[in-house]
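Here are the chains, one letter per residue:
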Amino acid sequence: MFDLQKIIRKNIWDMEAYSAARDLVKKGNYIFLDANENPYGVWNRYPDPLQSDAKSVLAKIKGVVPENMVMGNGSDEILDLIYRISCTPGKDNAVSLAPSYGMYYTLACLNNIEFREVMLNAETFDFDPNEVLAKTDEHTKLIIICNPNNPTGNSFDNKKITYIAENFNGIVVIDEAYNDFSQQESCIEQLKNHSNIIVVQTFSKAWGLASLRAGVGYMSTQIAAIINKVKMPYNMDGFTQKSILEKLSDIEQFKNTVKLLGDERKRLMEQLQDVVFIEKIYPSQANFFMIRTSKHKELQKYLLDNGIIVRSRHTMPLCQNCIRITVGTPEQNNMLVELIKKFA
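Attention in this report is confined to the structure presented alongside it. (Residues numbered from 1 in each chain as written. Predicted model: local features only at pLDDT ≥ 70, side-chain atom pairs only at ≥ 80, totals over all residues. Heavy atoms only, no water.)

## Quick look at the sheet that holds strand E4 (residues 140–146)
Inference 1: Strand order in the open sheet made by the seven strands is E1-E7-E6-E5-E4-E2-E3, with mixed pairing throughout. Two strands bound the open sheet, and with one partner strand each, they are strand E1 (69–72) and strand E3 (114–119). Neighbour to neighbour, the strand axes of the sheet diverge by 20 degrees on average, direction disregarded.
Inference 2: Here strand E2 (residues 93–98) pairs with E4 via four bridges, running parallel. When the sheet's bridge partners are listed, Val95 is paired in E4 with Ile143.
Inference 3: Across the sheet, helix H7 (residues 158–166) lies against E4, strand E5 (171–175) and strand E6 (197–202), angled at about 160 degrees from E5, the strand it touches most. (Pairing = 2+ DSSP bridges. Helix = DSSP H or I, 4+ residues; strand = E, 2+ residues; numbered from the N terminus. Axes fitted to C-alpha atoms, helices over the stretch in contact; angles between N-to-C directions. Contact = heavy atoms within 4.5 Å.)

Written out as structure tokens, the structure is:
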């Protein structure tokens, strides 16, 4: 049985949340003389600390209630908060896959948490859930899985994730930053059956709001209440909340953008198939893909010299000689293909 109180740090469980005077009232036409704000200006008032309007709209789209949600200054803030509520520094540990998103390790280091990695299969970039569970012990509070995975681009079977959740007395975090580009169903559906699952998504990728830093976590109401208790009171600014609402008001444009990027990903990968020096193009369900080439250093420099930046993943486990390429606009992708073929 999953016992949340045993997972949450005692000092976090026992603490009282910071409370503002406006937390005590519902929306209305009030005169605000409680927070020492300047009464003049356009952005002079503190933003809604619980992002109620954005959550209300997004909850309907995702099939949850606002109480299942936490919004943050990018998904990285939510990941950091998950570490902070659950893992005691110098004592507990977290388990993840390798290669994967480097911020999981960085956040573990920042919070003085031991970070354990389970290597993916070198050929398929897949994993055995029993190997993940075998890496845990009584001090393991978190298992973090990026799905689709970054930088490999592939999706994992959700059945493996639910199997882990059913056999782990801790929190299972699924980072779905790239789920909108994938054919894989979101694990948000699993919240009804697994109270130890947290799904983290972002507005940086498919929604195109990377500059504004907006992330959202979906979880049980009990975990959400704990995170909302410890997060900074005004962790998402008012302009970002307004921008999210504007994006959510045009779902058709969102769908069209996702389809365009998916089509461009397929076209890019097909056009690079016959390039002689590219040894492998890895399958992807994200808005990026990886290529392997022994000329990765030279290619990266050549593209940079011609105004295109791509990401070398050569130093990551199982990614030797690999470059990660993000899908751009059709015009940008045409330039990329032209340059790569000239380099050949």
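Right, picking up where we left off after that structure.
## Topic: the pattern of salt bridges
Inference 1: A full pass over the atoms with the stated rule returns twelve salt bridges.
Inference 2: Between Asp14 and Lys10 there is a salt bridge, with the nearest N and O atoms lying 2.6 Å from each other. Of this pair, Asp14 and Lys10 both sit in helix H2 (residues 10–14), four residues apart, roughly one helical turn.
Inference 3: Classification of Asp14 by relative accessible area gives partly exposed; the value is 47%.
Inference 4: Taking relative accessible area as the criterion, Lys10 reaches 64% and is therefore assigned exposed.
Inference 5: Measuring nitrogen to oxygen at the nearest pair gives 3.6 Å for the salt bridge that ties Arg84 to Asp80. (Salt bridge = Lys/Arg side-chain N within 4 Å of Asp/Glu carboxyl O. Buried < 20%, exposed > 50% of the residue type's maximum accessible area, 1.4 Å probe, protein only.)

## Digging into the pairing of E4
Inference 1: The buried count for E4 comes to seven of seven residues, which makes it a mostly enclosed element.
Inference 2: In this sheet, E5 lies alongside E4 in parallel orientation, the contact comprising five bridges. Paired with Ile145 across the two strands is Ile174, which belongs to E5.

## Topic: the sheet that holds strand E11 (residues 322–326)
Inference 1: Taking strand neighbours across the sheet as the criterion, the four strands line up as E8-E9-E11-E10 in an open arrangement whose pairing is antiparallel. Lying at the two open borders of the sheet, with one neighbouring strand each, are strand E8 (280–281) and strand E10 (311–312).
Inference 2: Sheet analysis places E8 next to strand E9 (residues 288–292), joined by two bridges and oriented antiparallel. Bridge assignment links Lys280 to a residue of E9, and that residue is Arg292.

## A word on the packing of helix H11 (residues 296–305) against helix H12 (residues 330–343)
Inference 1: Contact geometry of H11 with H12 gives a least axis separation of 11 Å together with a crossing angle of 130 degrees. Between H11 and H12, the angle is such that the two are oblique. As for the relative orientation of H11 and H12, their crossing is right-handed in sense. Packed against H11, whose contacting residues are Glu298, Leu299, Tyr302 and Leu303, the element H12 presents Leu336, Leu339, Ile340, Lys342 and Phe343 at the interface.
Inference 2: A class-by-class count of the residues in the contact of H11 with H12 yields seven nonpolar, no polar and two charged. (Parallel < 35°, antiparallel > 145°, perpendicular 65-115°, else oblique. Left-handed = near helix turned anticlockwise from the far one by under 90°. Nonpolar A, V, L, I, M, F, W, Y, C, P; charged D, E, K, R; others polar.)

## Digging into the packing of aromatic side chains
Inference 1: For the structure shown, the criterion picks out eleven aromatic pairs.
Inference 2: Here Phe125 and Tyr282 contribute two aromatic rings whose centre-to-centre distance is 5.2 Å and whose plane-to-plane angle is 40 degrees, an arrangement assigned as tilted. On the criterion of sequence distance, the pair formed by Phe125 in the loop between E3 and helix H6 (129–134) and Tyr282 in the loop between E8 and E9 is long-range, its members being 157 residues apart.
Inference 3: Taking 4.9 Å as the distance between ring centres and 80 degrees as the angle between the ring planes, the aromatic pair formed by Phe127 and Phe156 counts as edge-to-face. Of the two residues, Phe127 is situated in the loop between E3 and H6 and Phe156 in the loop between E4 and H7; the sequence distance between them amounts to 29 residues. For the pair formed by Phe127 and Phe156, the shared burial category is buried.
Inference 4: Ring pairs connect the aromatic residues Phe203, Trp207 and Phe254, which therefore count as one cluster. (Phe/Tyr/Trp six-rings, centres within 6.5 Å; stacked < 30°, edge-to-face > 60°.)

Structural measurements only, silent on function.
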